[in-house]
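# Overview (structure and organization)
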Amino acid sequence: MNQSNELLNRINERYPHMSKGQKALSAYITDNYDKAVFLTAEKLGQAVGVSESTVVRYASYLGYRGYPEVHRALEEHVRNKLNSIQRMDVTCERISQSEVLESVLRSDAEKIKHTIEQINQEAFELALDIIMNAEHIYVVGIRSCAPLAAFLSFYLNLIFENVHLLQTSSSSELFEQMIRISDRDAIIGISFPRYSMRTLKAMEFANNRNAKVITLTDSVHSPMNLYSSCNLIANSDMISIVDSLVAPLSVINALIVALCMRKQDEVADSLETLEQIWGEYQVYESDEINFVGDSIRLRFGKTGDNKDE
């Protein structure tokens, strides 16, 4: 059963035999899901005009072990239901202008905390093994997930050869870049609500070619997991004007650190070579910059010479 529809299916099946209070709760949830998702059992009872104990019994009547399970099912429903305009409206209702900074930072901190509690260590280790043993590593993330894919690819390129960041504006271009993917390769797909169909198609294509598929997504019920052999779950914002991808970025950081530790000697050699190149070609700013009139004077630390630019 689709998790996002599970709650409504249970409500519809049991509605004819519900008490008056339970029917009132059902009506409120189905008609005001965008508000109900932020309510505790006590607040939901107050909104409907029933006691908190009635809400708890209602959860049991629907076949859940408690109200927290009802709340999680409602979150899944809302996650896939709201469009961008509705997400903006809900965000503006939840947060006042004066509370934006603190509210967003606290919310992001909570997402990392929840990810720590939920992520599967065995899946994380499996992802490391798959990446280590792959001949070619493909990374795909579309739209708001594209920066995550680019960040991961940047560091994977420092560790491995044959890393491919899939960049595309159409599904056909994805397949053209993946035409040689095989069972010796791995692909890492990154997608969070609203899920990208192009990323899902890339996962399907890779799976059909028997490549190892790793997904980084928000739920075990995510469609991205349909074709994956390894699922990394990171908490993302359920409803917001912008997608909160702080927790997924932390998981990516952990992957990079763990891979560097497994290939410590090779990475150290690569970084030593890169440091020499960066110094020679002045990739990073390490010199003094003095503004003199309308010109800039650079003093290069390596030679001690002064030059006017």
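Below, the structure is looked at part by part. Fair warning: this is a prediction, and the values are worked out from it, not measured in the lab.

Conventions used here
- Residues numbered from 1 in each chain as written.
- Predicted model: local features only at pLDDT ≥ 70, side-chain atom pairs only at ≥ 80, totals over all residues.
- Heavy atoms only, no water.
- Helix = DSSP H or I, 4+ residues; strand = E, 2+ residues; numbered from the N terminus.
- Buried < 20%, exposed > 50% of the residue type's maximum accessible area, 1.4 Å probe, protein only.
- Contact = heavy atoms within 4.5 Å.
- Axes fitted to C-alpha atoms, helices over the stretch in contact; angles between N-to-C directions.
- Parallel < 35°, antiparallel > 145°, perpendicular 65-115°, else oblique.
- Left-handed = near helix turned anticlockwise from the far one by under 90°.
- Nonpolar A, V, L, I, M, F, W, Y, C, P; charged D, E, K, R; others polar.
- Expected span 1.5 Å × (residues − 1).
- Arc of directions from axis to C-beta.
- Pairing = 2+ DSSP bridges.
- Patch = residues over 30% accessible without salt bridge, like charges linked within 9 Å, V, L, I, M, F, W, Y side chains within 5 Å.
- Areas by Shrake-Rupley, 256 points an atom, 1.4 Å probe, with all protein chains shown as cover.
- Salt bridge = Lys/Arg side-chain N within 4 Å of Asp/Glu carboxyl O.
- Core = buried A, V, L, I, M, F, W, Y, C linked by side-chain atoms within 4.5 Å.
- Phe/Tyr/Trp six-rings, centres within 6.5 Å; stacked < 30°, edge-to-face > 60°.
- Lys NZ or Arg CZ within 6 Å of the ring centre and 35° of its normal.

For the protein, the count of helices and strands is 14 helices and eight strands. Every one of the 309 residues in the protein was classed for burial, and the buried ones make up 41%. Sequence separation of 24 or more characterises 66% of the internal contacts of the protein that already satisfy a separation of 6 or more.

Packing of helix H9 (residues 121–133) against helix H13 (residues 246–262) leaves a shortest axis separation of 11 Å and a crossing angle of 55°. Taken together, the axes of H9 and H13 lie oblique to each other. Crossing hand, H9 versus H13: right-handed. Residues Phe124, Glu125, Ala127, Leu128, Asp129, Ile131 and Met132 of H9 form the contact with H13, whose participating residues are Val251, Ala254, Leu255, Ala258, Leu259 and Arg262. Grouping the constituent residues of the contact of H9 with H13 by class yields 10 nonpolar, no polar and three charged.

This next bit is on helix H2 (residues 20–31). With 12 residues, H2 should reach 16 Å at 1.5 Å per residue; the first-to-last C-alpha distance of 17 Å fits that figure. Of all the positions in H2, only Gly21, Gln22, Leu25, Ser26, Tyr28 and Ile29 are classed as buried. End-on view of H2: buried residues confined to an arc of 165°, all on one side of the axis. Across H2 from its buried face, at more than 90 degrees, point the exposed residues Lys20 and Asp31.

Owing to its 3.6 residues per turn, the α-helix brings residues three or four apart onto one side. Given a rise of 1.5 Å per residue, 19 residues ought to cover 27 Å, and the 27 Å separating the end C-alpha atoms of helix H8 (residues 100–118) matches this to within 8%. The inward-facing, buried residues of H8 contact strand S5 (230–233) and H13.

With that settled, consider the sheet that holds strand S2 (residues 163–166). Strands sit in the order S2-S1-S3-S4-S5 across an open sheet of five strands; the sheet is parallel. Across the chains shown, the open sheet's two edge strands, defined by having one partner strand only, are S2 and S5. The average undirected angle you get between the axes of adjacent strands in this sheet is 15°. Pairing analysis gives five bridges linking strand S1 (residues 137–141) to strand S3 (residues 186–190), with the strands arranged parallel. What sits directly across from Ile137, in S3, is Ala186. Sheet strands in contact with helix H12 (residues 197–208) are S1, S3 and strand S4 (212–217), and its direction is about 160° off that of S3.

So, about a nonpolar patch on the surface. On the surface, a nonpolar cluster with roughly 440 Å² of combined accessible area is contributed by Ile277, Tyr281, Val283 and Tyr284. Counting through the fold element by element, Tyr281 comes out in the loop between helix H14 (264–280) and strand S6 (288–292). Owing to a relative accessible area of 60%, Tyr281 belongs among the exposed residues under this scheme.

Turning our attention to the nonpolar core. Ile137, Leu156, Ile190 and Leu232 are the most contacted members of the largest nonpolar core, which has 35 residues in total. Looking at this core, the elements that each hand over two or more residues are H9, S1, helix H10 (146–159), S3, S4, S5 and H13. In terms of residue count, H13 provides more of this core than any other element does, seven residues in total. Setting aside residues no more than four positions away along its own chain, Leu232 makes contact with Ala123, Phe124, Ala127, Ile214, Thr215, Leu216, Thr217, Val251 and Leu255. Counting 22 residues, the second-largest nonpolar core is a separate cluster that includes Leu7, Ala36, Leu44 and Leu74.

Tracing the backbone shows Ser236 in the loop between S5 and H13. For the pair Ser236 and Ala247, spaced 11 residues apart in the sequence, the C-alpha separation amounts to 6.7 Å.

Here we come to the packing of aromatic side chains. Within the structure shown, the criterion is met by three aromatic pairs. Ring geometry for Phe175 against Phe205: centres 5.1 Å apart, planes inclined by 35°, an arrangement best described as tilted. Taken together, the residues span a long stretch of sequence, with Phe175 in helix H11 (residues 171–177) and Phe205 in helix H12 at a distance of 30 residues. Judged by relative accessible area, which is 17%, Phe205 ranks as buried. Each residue in the set Phe151, Phe154 and Tyr155 is aromatic and connected to the rest through ring pairs, giving one cluster. When the ring centre of Tyr64 is taken as reference, the NZ or CZ atom of Arg10 above it lies at 4.0 Å.

Remember, this is a structural readout, not a statement about activity or role.
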